Amino acid sequence: MDYFLYRNGQLHCEGVSVEEIAGAAGTPLYVYSAQTLRHHYRAIAAAFAELKPAICFAIKSLSNIHVLRLLAQEGAGFDVVSGGELFRAHEAGAEMAKVVYAGVGKTDQEITAALEAGIGYFNVESEAEFEELSRLAGRAGLPARVALRVNPDVDPKTHRYTTTGKRESKFGVDLERAEKFFQRFGGDEHARLDAIHLHIGSPVFSAQPYVEAITKALELIERLRRGGFTVNALDIGGGFGADYGLASSPSAMDYAARIVPLLRNSGLKIILEPGRQISANAGILLARVLYIKESGDKQFVIVDAAMTDLIRPALYEGYHFIWPTRSEMPPQRVAGFSLPDCRKVDVVGGVCESADFLAKDRMLPPVARGDLLAVYTAGAYGFAMSSQYNSRPRSAEVLVDGSQWRLIRRRETFDDLLMAERALE
Ligand SMILES: *Cc1c(COP(=O)(O)O)cnc(C)c1O
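Because the structure is a prediction, the values reported are computed rather than measured. (Residues numbered from 1 in each chain as written. Predicted model: local features only at pLDDT ≥ 70, side-chain atom pairs only at ≥ 80, totals over all residues. Heavy atoms only, no water.)

(A) Looking closely at the pairing of strand β4 (residues 29-33). In terms of burial, β4 is a largely internal element, 5 of the 5 residues being buried. Residues of β4 alternate between two faces, with L29, V31 and S33 on one and Y30 and Y32 on the opposite face, all of them buried. Judged from the 4 bridges that link them, β4 and strand β14 (residues 283-295) form a sheet pairing that is antiparallel. Directly across from Y32, in β14, lies its bridge partner G283. Looking at chain direction, β4 and strand β20 (residues 396-401) are connected through 5 bridges and run parallel. When the bridges of β20 are listed, V31 appears paired with V398. (Buried < 20%, exposed > 50% of the residue type's maximum accessible area, 1.4 Å probe, protein only. Helix = DSSP H or I, 4+ residues; strand = E, 2+ residues; numbered from the N terminus. Pairing = 2+ DSSP bridges.)

Following this line, the structure appears as C-alpha coordinates:
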(Lines give C-alpha, C1' and ligand atoms only; values in the text may rest on other atoms or scores of the structure.)
Protein backbone atom coordinates (compact mmCIF):
# COMPACT_ATOMS: atom_id res chain seq x y z
CA MET A 1 0.00 0.00 0.00
CA ASP A 2 1.42 3.40 -0.95
CA TYR A 3 0.64 6.93 -2.15
CA PHE A 4 2.37 6.64 -5.53
CA LEU A 5 -0.46 6.93 -8.07
CA TYR A 6 -0.90 7.67 -11.78
CA ARG A 7 -3.05 10.67 -12.58
CA ASN A 8 -3.61 11.60 -16.24
CA GLY A 9 -0.91 9.12 -17.23
CA GLN A 10 1.67 10.68 -14.93
CA LEU A 11 3.07 9.22 -11.72
CA HIS A 12 2.43 11.32 -8.64
CA CYS A 13 3.78 10.97 -5.14
CA GLU A 14 0.84 12.15 -3.03
CA GLY A 15 -0.06 15.53 -4.59
CA VAL A 16 3.12 16.13 -6.59
CA SER A 17 4.17 14.93 -10.05
CA VAL A 18 7.42 12.99 -9.70
CA GLU A 19 8.58 14.32 -13.07
CA GLU A 20 8.37 17.83 -11.66
CA ILE A 21 10.50 16.79 -8.66
CA ALA A 22 13.06 15.02 -10.86
CA GLY A 23 13.21 18.10 -13.10
CA ALA A 24 14.18 20.23 -10.12
CA ALA A 25 16.27 17.81 -8.05
CA GLY A 26 17.87 15.71 -10.83
CA THR A 27 18.30 11.95 -11.09
CA PRO A 28 18.99 9.37 -9.80
CA LEU A 29 16.70 10.41 -6.99
CA TYR A 30 14.99 8.81 -4.01
CA VAL A 31 11.46 10.09 -3.37
CA TYR A 32 9.70 9.19 -0.11
CA SER A 33 6.05 9.64 0.78
CA ALA A 34 5.44 10.94 4.30
CA GLN A 35 1.82 9.74 4.20
CA THR A 36 2.94 6.22 3.32
CA LEU A 37 5.45 6.16 6.19
CA ARG A 38 2.75 7.33 8.62
CA HIS A 39 0.20 4.93 7.16
CA HIS A 40 2.39 1.87 7.73
CA TYR A 41 3.54 2.96 11.18
CA ARG A 42 -0.08 3.53 12.23
CA ALA A 43 -1.22 0.24 10.68
CA ILE A 44 1.27 -1.67 12.85
CA ALA A 45 0.37 0.37 15.95
CA ALA A 46 -3.34 -0.33 15.36
CA ALA A 47 -2.90 -4.03 14.56
CA PHE A 48 -0.87 -4.71 17.72
CA ALA A 49 -2.66 -2.10 19.90
CA GLU A 50 -3.94 -4.67 22.38
CA LEU A 51 -0.34 -5.47 23.39
CA LYS A 52 0.63 -1.77 23.70
CA PRO A 53 4.00 -2.63 22.14
CA ALA A 54 7.03 -0.41 21.76
CA ILE A 55 7.47 -0.04 17.99
CA CYS A 56 11.17 0.41 17.34
CA PHE A 57 11.77 1.33 13.70
CA ALA A 58 14.86 -0.41 12.27
CA ILE A 59 17.04 2.56 11.33
CA LYS A 60 19.21 0.49 9.02
CA SER A 61 16.34 0.17 6.51
CA LEU A 62 16.01 3.94 5.93
CA SER A 63 18.29 6.13 8.01
CA ASN A 64 17.64 9.68 6.81
CA ILE A 65 17.31 11.86 9.90
CA HIS A 66 14.23 13.67 8.52
CA VAL A 67 12.43 10.35 8.16
CA LEU A 68 13.50 9.37 11.68
CA ARG A 69 12.13 12.68 13.01
CA LEU A 70 8.82 12.05 11.29
CA LEU A 71 8.57 8.59 12.87
CA ALA A 72 9.72 9.85 16.29
CA GLN A 73 6.83 12.34 16.13
CA GLU A 74 4.49 9.40 15.49
CA GLY A 75 5.76 7.87 18.73
CA ALA A 76 8.25 5.38 17.29
CA GLY A 77 11.25 4.12 19.17
CA PHE A 78 14.26 2.85 17.23
CA ASP A 79 16.22 -0.33 16.65
CA VAL A 80 19.90 0.53 16.17
CA VAL A 81 22.78 -1.72 15.13
CA SER A 82 25.79 0.61 15.44
CA GLY A 83 27.15 3.68 17.18
CA GLY A 84 26.36 5.65 14.02
CA GLU A 85 22.70 4.67 14.20
CA LEU A 86 22.64 5.49 17.91
CA PHE A 87 23.93 8.95 16.96
CA ARG A 88 21.24 9.30 14.29
CA ALA A 89 18.50 8.34 16.77
CA HIS A 90 19.80 10.90 19.25
CA GLU A 91 20.07 13.66 16.63
CA ALA A 92 16.54 12.85 15.44
CA GLY A 93 15.25 13.65 18.91
CA ALA A 94 14.35 10.05 19.77
CA GLU A 95 13.30 9.16 23.28
CA MET A 96 16.43 7.16 24.10
CA ALA A 97 14.57 4.90 26.55
CA LYS A 98 12.73 3.61 23.47
CA VAL A 99 15.94 2.60 21.69
CA VAL A 100 17.07 -1.03 21.47
CA TYR A 101 20.55 -1.97 20.31
CA ALA A 102 21.37 -5.24 18.48
CA GLY A 103 24.49 -6.49 16.72
CA VAL A 104 27.15 -9.16 17.30
CA GLY A 105 30.10 -6.77 17.19
CA LYS A 106 29.44 -3.83 19.52
CA THR A 107 32.69 -2.01 20.37
CA ASP A 108 33.59 -0.55 23.79
CA GLN A 109 33.00 2.97 22.49
CA GLU A 110 29.60 2.03 21.11
CA ILE A 111 28.54 0.31 24.34
CA THR A 112 29.71 3.26 26.43
CA ALA A 113 27.84 5.74 24.21
CA ALA A 114 24.66 3.67 24.53
CA LEU A 115 25.05 3.47 28.34
CA GLU A 116 25.47 7.24 28.52
CA ALA A 117 22.45 7.74 26.27
CA GLY A 118 20.33 5.57 28.59
CA ILE A 119 18.88 3.25 25.93
CA GLY A 120 16.03 0.86 26.69
CA TYR A 121 17.64 -2.49 25.93
CA PHE A 122 20.96 -3.92 24.84
CA ASN A 123 20.12 -6.95 22.73
CA VAL A 124 23.12 -9.07 23.66
CA GLU A 125 24.31 -11.79 21.32
CA SER A 126 27.03 -13.69 23.26
CA GLU A 127 28.46 -14.44 26.71
CA ALA A 128 31.61 -12.49 25.92
CA GLU A 129 29.57 -9.43 24.97
CA PHE A 130 27.56 -9.63 28.20
CA GLU A 131 30.73 -9.71 30.30
CA GLU A 132 32.12 -6.70 28.48
CA LEU A 133 28.84 -4.78 28.82
CA SER A 134 28.68 -5.56 32.56
CA ARG A 135 32.26 -4.40 33.05
CA LEU A 136 31.69 -1.14 31.16
CA ALA A 137 28.37 -0.49 32.95
CA GLY A 138 30.05 -1.06 36.31
CA ARG A 139 32.93 1.21 35.47
CA ALA A 140 30.67 4.01 34.22
CA GLY A 141 28.23 3.57 37.11
CA LEU A 142 25.40 3.43 34.57
CA PRO A 143 22.87 0.59 34.70
CA ALA A 144 22.21 -1.50 31.60
CA ARG A 145 19.10 -3.49 30.74
CA VAL A 146 19.70 -6.58 28.69
CA ALA A 147 17.64 -8.77 26.41
CA LEU A 148 19.29 -12.02 25.38
CA ARG A 149 19.03 -12.64 21.65
CA VAL A 150 18.04 -16.25 21.13
CA ASN A 151 18.17 -18.30 18.04
CA PRO A 152 14.87 -20.19 17.83
CA ASP A 153 16.08 -22.38 14.93
CA VAL A 154 13.12 -21.75 12.63
CA ASP A 155 13.34 -21.36 8.89
CA PRO A 156 11.79 -18.04 7.78
CA LYS A 157 11.87 -19.22 4.14
CA THR A 158 13.61 -16.11 2.91
CA HIS A 159 16.89 -15.66 1.02
CA ARG A 160 19.77 -17.51 2.72
CA TYR A 161 21.68 -14.21 3.04
CA THR A 162 18.87 -12.68 5.10
CA THR A 163 18.06 -15.71 7.27
CA THR A 164 19.17 -14.96 10.81
CA GLY A 165 17.31 -17.27 13.20
CA LYS A 166 18.66 -20.68 12.17
CA ARG A 167 21.07 -22.63 14.32
CA GLU A 168 24.07 -22.06 12.07
CA SER A 169 23.57 -18.29 12.05
CA LYS A 170 26.08 -15.96 13.74
CA PHE A 171 23.29 -14.18 15.60
CA GLY A 172 22.10 -14.89 19.14
CA VAL A 173 22.50 -18.07 21.22
CA ASP A 174 20.67 -21.40 20.99
CA LEU A 175 17.66 -22.01 23.21
CA GLU A 176 19.51 -24.59 25.34
CA ARG A 177 22.35 -22.15 25.93
CA ALA A 178 19.86 -19.42 26.90
CA GLU A 179 19.04 -21.12 30.22
CA LYS A 180 22.73 -21.49 31.07
CA PHE A 181 23.13 -17.83 30.09
CA PHE A 182 20.51 -16.77 32.66
CA GLN A 183 22.01 -19.05 35.32
CA ARG A 184 25.39 -17.46 34.76
CA PHE A 185 24.39 -13.80 34.34
CA GLY A 186 20.84 -13.52 35.71
CA GLY A 187 22.10 -12.03 38.97
CA ASP A 188 24.61 -9.60 37.49
CA GLU A 189 24.68 -6.34 39.46
CA HIS A 190 25.58 -3.98 36.62
CA ALA A 191 23.70 -5.39 33.64
CA ARG A 192 20.13 -6.46 34.39
CA LEU A 193 19.17 -9.44 32.26
CA ASP A 194 15.36 -9.54 32.12
CA ALA A 195 14.26 -9.97 28.51
CA ILE A 196 14.41 -12.15 25.41
CA HIS A 197 15.04 -10.93 21.87
CA LEU A 198 14.30 -12.67 18.56
CA HIS A 199 14.89 -11.65 14.98
CA ILE A 200 14.40 -14.54 12.60
CA GLY A 201 15.29 -12.91 9.28
CA SER A 202 13.74 -10.70 6.68
CA PRO A 203 11.58 -10.39 4.76
CA VAL A 204 9.35 -13.13 6.23
CA PHE A 205 6.28 -13.36 4.02
CA SER A 206 4.18 -15.43 6.42
CA ALA A 207 3.13 -15.27 10.07
CA GLN A 208 3.92 -18.94 10.63
CA PRO A 209 7.68 -18.63 11.36
CA TYR A 210 6.88 -15.93 13.95
CA VAL A 211 4.32 -18.21 15.57
CA GLU A 212 6.90 -21.00 15.81
CA ALA A 213 9.66 -18.73 17.10
CA ILE A 214 7.45 -16.96 19.65
CA THR A 215 6.05 -20.28 20.87
CA LYS A 216 9.58 -21.52 21.50
CA ALA A 217 10.51 -18.24 23.20
CA LEU A 218 7.45 -18.41 25.47
CA GLU A 219 8.37 -21.98 26.48
CA LEU A 220 11.86 -20.76 27.32
CA ILE A 221 10.46 -17.82 29.32
CA GLU A 222 8.18 -20.23 31.21
CA ARG A 223 11.18 -22.42 32.10
CA LEU A 224 13.19 -19.37 33.17
CA ARG A 225 10.37 -18.08 35.35
CA ARG A 226 9.98 -21.48 36.98
CA GLY A 227 13.72 -21.35 37.61
CA GLY A 228 13.23 -18.14 39.58
CA PHE A 229 14.30 -15.63 36.96
CA THR A 230 12.36 -12.46 36.14
CA VAL A 231 11.55 -11.98 32.48
CA ASN A 232 9.81 -8.66 31.80
CA ALA A 233 10.01 -8.18 28.05
CA LEU A 234 10.00 -10.02 24.74
CA ASP A 235 11.32 -8.34 21.62
CA ILE A 236 10.01 -10.22 18.56
CA GLY A 237 12.24 -8.38 16.07
CA GLY A 238 11.37 -7.25 12.57
CA GLY A 239 11.32 -8.80 9.12
CA PHE A 240 7.63 -8.23 8.43
CA GLY A 241 7.12 -8.23 4.67
CA ALA A 242 6.35 -5.36 2.32
CA ASP A 243 4.61 -5.42 -1.05
CA TYR A 244 7.37 -5.85 -3.61
CA GLY A 245 4.81 -7.45 -5.92
CA LEU A 246 1.12 -6.58 -5.69
CA ALA A 247 -0.39 -7.44 -2.28
CA SER A 248 2.42 -10.00 -2.01
CA SER A 249 2.90 -9.61 1.72
CA PRO A 250 0.67 -10.25 4.70
CA SER A 251 -0.58 -6.98 6.22
CA ALA A 252 0.20 -5.84 9.75
CA MET A 253 -3.29 -7.14 10.66
CA ASP A 254 -2.49 -10.58 9.19
CA TYR A 255 0.67 -10.90 11.30
CA ALA A 256 -1.05 -9.52 14.40
CA ALA A 257 -4.00 -11.93 14.05
CA ARG A 258 -1.61 -14.83 14.60
CA ILE A 259 0.87 -13.18 16.98
CA VAL A 260 -1.33 -11.19 19.42
CA PRO A 261 -3.24 -14.24 20.79
CA LEU A 262 0.07 -15.87 21.74
CA LEU A 263 1.19 -12.87 23.75
CA ARG A 264 -1.95 -11.31 25.21
CA ASN A 265 -1.74 -13.11 28.56
CA SER A 266 2.04 -13.35 28.78
CA GLY A 267 2.51 -10.44 31.17
CA LEU A 268 5.41 -9.35 28.98
CA LYS A 269 6.26 -5.92 27.64
CA ILE A 270 6.33 -6.48 23.85
CA ILE A 271 8.79 -4.81 21.50
CA LEU A 272 8.57 -4.86 17.68
CA GLU A 273 11.39 -3.87 15.32
CA PRO A 274 9.76 -3.31 11.92
CA GLY A 275 11.95 -1.77 9.22
CA ARG A 276 10.87 -2.47 5.67
CA GLN A 277 7.16 -2.86 6.47
CA ILE A 278 7.19 0.86 7.27
CA SER A 279 9.81 2.11 4.83
CA ALA A 280 9.90 -0.13 1.73
CA ASN A 281 6.69 0.96 0.00
CA ALA A 282 7.25 4.55 1.13
CA GLY A 283 10.07 5.14 -1.36
CA ILE A 284 10.79 4.98 -5.08
CA LEU A 285 14.04 5.44 -6.95
CA LEU A 286 13.77 7.62 -10.08
CA ALA A 287 16.17 6.86 -12.91
CA ARG A 288 16.54 8.53 -16.30
CA VAL A 289 16.98 6.39 -19.44
CA LEU A 290 20.38 7.10 -21.04
CA TYR A 291 20.63 4.55 -23.85
CA ILE A 292 18.78 1.67 -25.42
CA LYS A 293 21.13 -1.10 -26.54
CA GLU A 294 20.10 -4.08 -28.65
CA SER A 295 22.24 -7.15 -28.22
CA GLY A 296 21.08 -10.24 -30.09
CA ASP A 297 17.45 -10.65 -29.13
CA LYS A 298 18.05 -8.83 -25.86
CA GLN A 299 17.35 -5.21 -25.16
CA PHE A 300 19.21 -3.34 -22.45
CA VAL A 301 17.68 -0.20 -21.01
CA ILE A 302 20.67 1.65 -19.59
CA VAL A 303 19.75 4.17 -16.88
CA ASP A 304 21.57 6.71 -14.73
CA ALA A 305 20.87 4.78 -11.49
CA ALA A 306 22.95 1.70 -10.73
CA MET A 307 23.79 -0.93 -8.14
CA THR A 308 25.53 1.86 -6.24
CA ASP A 309 22.09 3.42 -5.70
CA LEU A 310 20.10 0.21 -5.21
CA ILE A 311 22.09 -2.95 -4.54
CA ARG A 312 19.25 -5.32 -3.55
CA PRO A 313 18.90 -6.96 -7.00
CA ALA A 314 22.66 -7.63 -7.18
CA LEU A 315 23.09 -8.58 -3.52
CA TYR A 316 20.18 -10.94 -2.94
CA GLU A 317 18.17 -11.05 -6.12
CA GLY A 318 15.74 -8.50 -4.71
CA TYR A 319 12.75 -7.83 -6.97
CA HIS A 320 11.67 -4.25 -7.67
CA PHE A 321 8.74 -3.36 -9.88
CA ILE A 322 9.72 -0.80 -12.55
CA TRP A 323 7.48 1.34 -14.75
CA PRO A 324 7.81 4.58 -16.77
CA THR A 325 6.57 7.60 -14.81
CA ARG A 326 4.66 8.79 -17.88
CA SER A 327 2.58 6.04 -19.39
CA GLU A 328 -0.78 5.63 -21.07
CA MET A 329 -0.61 1.97 -20.07
CA PRO A 330 -1.43 1.55 -16.37
CA PRO A 331 1.37 -0.12 -14.38
CA GLN A 332 1.17 -3.92 -14.68
CA ARG A 333 2.27 -4.91 -11.22
CA VAL A 334 1.53 -8.61 -11.63
CA ALA A 335 3.93 -11.47 -12.24
CA GLY A 336 4.33 -12.79 -15.77
CA PHE A 337 2.01 -10.30 -17.48
CA SER A 338 2.32 -9.90 -21.22
CA LEU A 339 0.92 -7.12 -23.42
CA PRO A 340 1.43 -6.78 -27.18
CA ASP A 341 3.19 -3.41 -26.91
CA CYS A 342 5.54 -4.51 -24.15
CA ARG A 343 8.99 -5.91 -24.53
CA LYS A 344 11.23 -7.99 -22.30
CA VAL A 345 14.26 -5.95 -21.26
CA ASP A 346 17.10 -5.78 -18.74
CA VAL A 347 17.27 -2.49 -16.85
CA VAL A 348 20.93 -1.89 -16.03
CA GLY A 349 23.21 0.81 -14.66
CA GLY A 350 26.57 2.09 -15.83
CA VAL A 351 28.80 0.48 -13.21
CA CYS A 352 31.59 -1.84 -14.34
CA GLU A 353 30.10 -5.04 -12.87
CA SER A 354 27.91 -7.69 -14.52
CA ALA A 355 25.81 -7.75 -11.34
CA ASP A 356 24.88 -4.14 -11.98
CA PHE A 357 21.23 -4.55 -12.89
CA LEU A 358 17.95 -3.28 -11.47
CA ALA A 359 15.74 -5.81 -13.31
CA LYS A 360 16.28 -8.78 -15.61
CA ASP A 361 13.91 -10.07 -18.32
CA ARG A 362 11.23 -7.59 -17.39
CA MET A 363 8.23 -6.58 -19.51
CA LEU A 364 8.17 -2.81 -20.07
CA PRO A 365 6.27 -0.53 -22.44
CA PRO A 366 8.52 1.05 -25.08
CA VAL A 367 10.94 3.57 -23.54
CA ALA A 368 13.35 6.05 -25.08
CA ARG A 369 16.31 8.15 -24.05
CA GLY A 370 15.23 10.82 -21.57
CA ASP A 371 12.28 8.86 -20.19
CA LEU A 372 11.97 8.59 -16.45
CA LEU A 373 11.55 5.20 -14.76
CA ALA A 374 10.23 4.59 -11.26
CA VAL A 375 11.80 1.71 -9.32
CA TYR A 376 9.26 0.77 -6.66
CA THR A 377 9.56 -0.45 -3.07
CA ALA A 378 12.98 1.14 -2.81
CA GLY A 379 12.44 2.95 0.50
CA ALA A 380 14.02 0.15 2.55
CA TYR A 381 17.65 -0.90 2.07
CA GLY A 382 17.82 1.43 -0.94
CA PHE A 383 19.64 4.64 -0.21
CA ALA A 384 20.77 3.16 3.11
CA MET A 385 22.89 0.59 1.23
CA SER A 386 24.14 2.98 -1.44
CA SER A 387 27.84 3.52 -2.05
CA GLN A 388 30.26 5.68 -3.98
CA TYR A 389 31.75 2.72 -5.87
CA ASN A 390 33.10 3.78 -9.28
CA SER A 391 33.36 7.23 -7.63
CA ARG A 392 29.70 7.93 -8.24
CA PRO A 393 28.37 10.61 -5.88
CA ARG A 394 25.34 9.35 -3.96
CA SER A 395 21.89 10.45 -5.08
CA ALA A 396 19.68 13.05 -3.41
CA GLU A 397 16.63 12.20 -1.27
CA VAL A 398 13.30 14.01 -1.31
CA LEU A 399 10.38 13.82 1.13
CA VAL A 400 6.86 14.56 -0.15
CA ASP A 401 4.08 15.48 2.26
CA GLY A 402 0.73 16.25 0.65
CA SER A 403 1.31 18.91 -2.00
CA GLN A 404 4.73 19.88 -0.62
CA TRP A 405 8.13 18.35 -1.31
CA ARG A 406 11.57 19.12 0.06
CA LEU A 407 15.12 17.93 -0.30
CA ILE A 408 16.11 15.90 2.79
CA ARG A 409 19.59 15.04 1.50
CA ARG A 410 21.39 17.03 -1.15
CA ARG A 411 23.04 15.24 -4.05
CA GLU A 412 26.71 14.53 -3.31
CA THR A 413 29.32 16.41 -5.32
CA PHE A 414 32.74 15.38 -6.62
CA ASP A 415 34.20 17.34 -3.70
CA ASP A 416 32.23 15.12 -1.32
CA LEU A 417 34.01 12.13 -2.87
CA LEU A 418 37.38 13.52 -1.80
CA MET A 419 36.41 15.21 1.46
CA ALA A 420 37.85 12.68 3.89
CA GLU A 421 41.02 12.31 1.80
CA ARG A 422 41.72 16.00 1.35
CA ALA A 423 41.41 16.53 5.09
CA LEU A 424 44.84 14.85 5.35
CA GLU A 425 46.68 17.13 2.92
C1 LIG B 1 17.40 -5.71 10.10
C2 LIG B 1 16.78 -5.89 11.41
C3 LIG B 1 15.44 -5.51 11.63
C4 LIG B 1 14.53 -5.00 10.55
O5 LIG B 1 14.32 -5.88 9.49
P6 LIG B 1 13.17 -5.51 8.42
O7 LIG B 1 13.16 -6.63 7.45
O8 LIG B 1 13.57 -4.23 7.78
O9 LIG B 1 11.90 -5.38 9.19
C10 LIG B 1 14.93 -5.66 12.91
N11 LIG B 1 15.70 -6.14 13.92
C12 LIG B 1 16.97 -6.51 13.74
C13 LIG B 1 17.75 -7.01 14.89
C14 LIG B 1 17.56 -6.39 12.49
O15 LIG B 1 18.83 -6.78 12.31
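Resuming the write-up.
(B) Up close: the pairing of strand β17 (residues 343-348). Alignment of strand β15 (residues 298-303) against β17, held across 4 bridges, turns out to be parallel. Note on β17: the bridge partner recorded for F300 is D346. Both β17 and strand β18 (residues 357-364) contribute to a ladder of 5 bridges, which runs antiparallel. Paired with V345 across the two strands is R362, which belongs to β18.

(C) Representation of the site of the ligand. Taken together, 14 residues are adjacent to the ligand, and K60, S202, G239, E273 and Y381 come closest. Within the side chain of D79, one N or O atom sits 3.1 Å away from a nitrogen atom of the ligand. At 2.9 Å from an oxygen atom of the ligand is found a main-chain nitrogen or oxygen belonging to G275. When isolated, the ligand has an accessible area of 390 Å², and the protein chains bury 94% of it. Of the residues that constitute the shell around the ligand, the class distribution is 4 nonpolar, 6 polar and 4 charged. (Near = heavy atom within 4 Å. Polar contact = N/O pair within 3.5 Å; in protein donor to acceptor, adjacent residues only side chain to side chain. Areas by Shrake-Rupley, 256 points an atom, 1.4 Å probe, with all protein chains shown as cover. Nonpolar A, V, L, I, M, F, W, Y, C, P; charged D, E, K, R; others polar.)

Bear in mind that shape data such as this cannot, by itself, settle questions of function.
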